[in-house]
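Take a look at the letters that make up each chain.
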Amino acid sequence: MSYDPNNIFGKILRNEAPAIRLYEDDQTLAIMDIMPQSAGHCLILTKEPAETIFEMTPEGVAACMRTTQRVAHAVRKALSPEGVFIGQFNGAAAGQTVPHVHFHVIPRRQGEDLKMHAREMGDQAELERIAEQIKQALE
Ligand code: AMP
């Protein structure tokens, strides 16, 4: 599969598009999802040029999992949800809408349904407020 660097996450990684950034290292970038399925929905992007997990190196996958666990810890500490969903989609048939590998960290709360996937824009001020809480909890 050939990777197209002009997708929105490629642009965010190159600072050509805005994002609410939470954490960055050599191999990954964590941001807030702008259409959150629940309050505190975060994304961990690989810096490898890969559309699906099948084009990634094992080291790149390991780096994503390290950052994903780190962000999930911070989400749990900052927001105290009862559960945390972690997921990643490969291919449109699986539900992937942005062709650049990323992992979802989605807080789950008892009795609360998830909002539709990639459907409704979140409130910018609310996203920034939650991002600050998560950043403070990052270790
Ligand atoms: P996926 O179906 O796994 O490819 O999901 C892509 C995710 O990226 C969805 O949850 C979208 O809400 C989210 N998303 C799309 N555009 C942006 C953006 N510019 N900044 C942050 N999140 C985004």
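Our subject is the structure listed above.
Before going into details, it helps to say that this report is about the structure given with it. (Residues numbered from 1 in each chain as written. Predicted model: local features only at pLDDT ≥ 70, side-chain atom pairs only at ≥ 80, totals over all residues. Heavy atoms only, no water.)

Remarks on the sheet that holds strand E2 (residues 28-32)
Stated precisely, the cut-off is as follows: Two strands make a pair as long as DSSP finds a minimum of two bridges between them. Put simply, DSSP H or I for four residues or longer makes a helix, DSSP E for two residues or longer makes a strand, and each gets a number counted from the N terminus. Fitted lines through C-alpha atoms give the axes, limited to the stretch in contact for helices. The angle between two N-to-C directions lies from 0 to 180 degrees.
Read from one edge of the open sheet, five strands run E1-E2-E3-E5-E4, paired in antiparallel fashion. Because the sheet does not close on itself, it has two edges, and the strands there are strand E1 (21-24) and strand E4 (83-87). Strand after strand, the sheet turns through a mean of 20° between neighbouring axes, direction not considered. Bridging between strand E3 (residues 42-46) and strand E5 (residues 102-108) involves four bridges; their strand directions are antiparallel. Of the residues in E5, the one forming a bridge with Leu45 is His102.

Some details on helix H2 (residues 58-79)
To be explicit about the condition: An expected span of 1.5 Å times one less than the residue number is assigned to each helix. Each residue is assigned to one of three classes by its accessible area relative to the maximum for its type, calculated with a 1.4 Å probe on protein chains only: buried under 20%, partly exposed between the two thresholds, exposed over 50%.
Look at H2: 31 Å from first C-alpha to last across 22 residues, which is about the 32 Å you get at 1.5 Å a residue. Within the sequence span of H2, burial applies to Gly60, Ala63, Cys64, Thr67, Thr68, Val71, Ala72, Ala74, Val75 and Leu79. Remark: Ser80 follows H2 within two positions and exhibits a positive phi of approximately 50°.

Looking at the site of the ligand
What counts, and what does not: If a single non-hydrogen atom of a residue is within 4 Å of a molecule or strand, that residue counts as near it. In protein, a polar contact means a hydrogen-donor-capable atom and an acceptor-capable atom, both N or O and within 3.5 Å, with residues adjacent in sequence counting only if both atoms are side-chain atoms; elsewhere, any N or O pair within 3.5 Å suffices. Each accessible area value is a Shrake-Rupley result obtained with a 1.4 Å probe; residue values ignore everything except the protein chains displayed when judging cover.
Looking at the ligand, there are 19 residues lining it, with Asp33, Thr97, His102, His104 and His117 nearest. Thr97 is positioned such that a nitrogen or oxygen atom in its backbone is 2.8 Å from an oxygen atom of the ligand. Take Val98: an N or O atom from its main chain is 2.9 Å from an oxygen atom of the ligand. Against a free-state accessible area of 510 Å², the protein chains account for coverage of 94% of the ligand. Of all elements in the fold, only helix H1 (8-13), E2 and E5 reach the threshold of two or more residues within the shell around the ligand. No other element matches the three residues that H1 contributes to the shell around the ligand.

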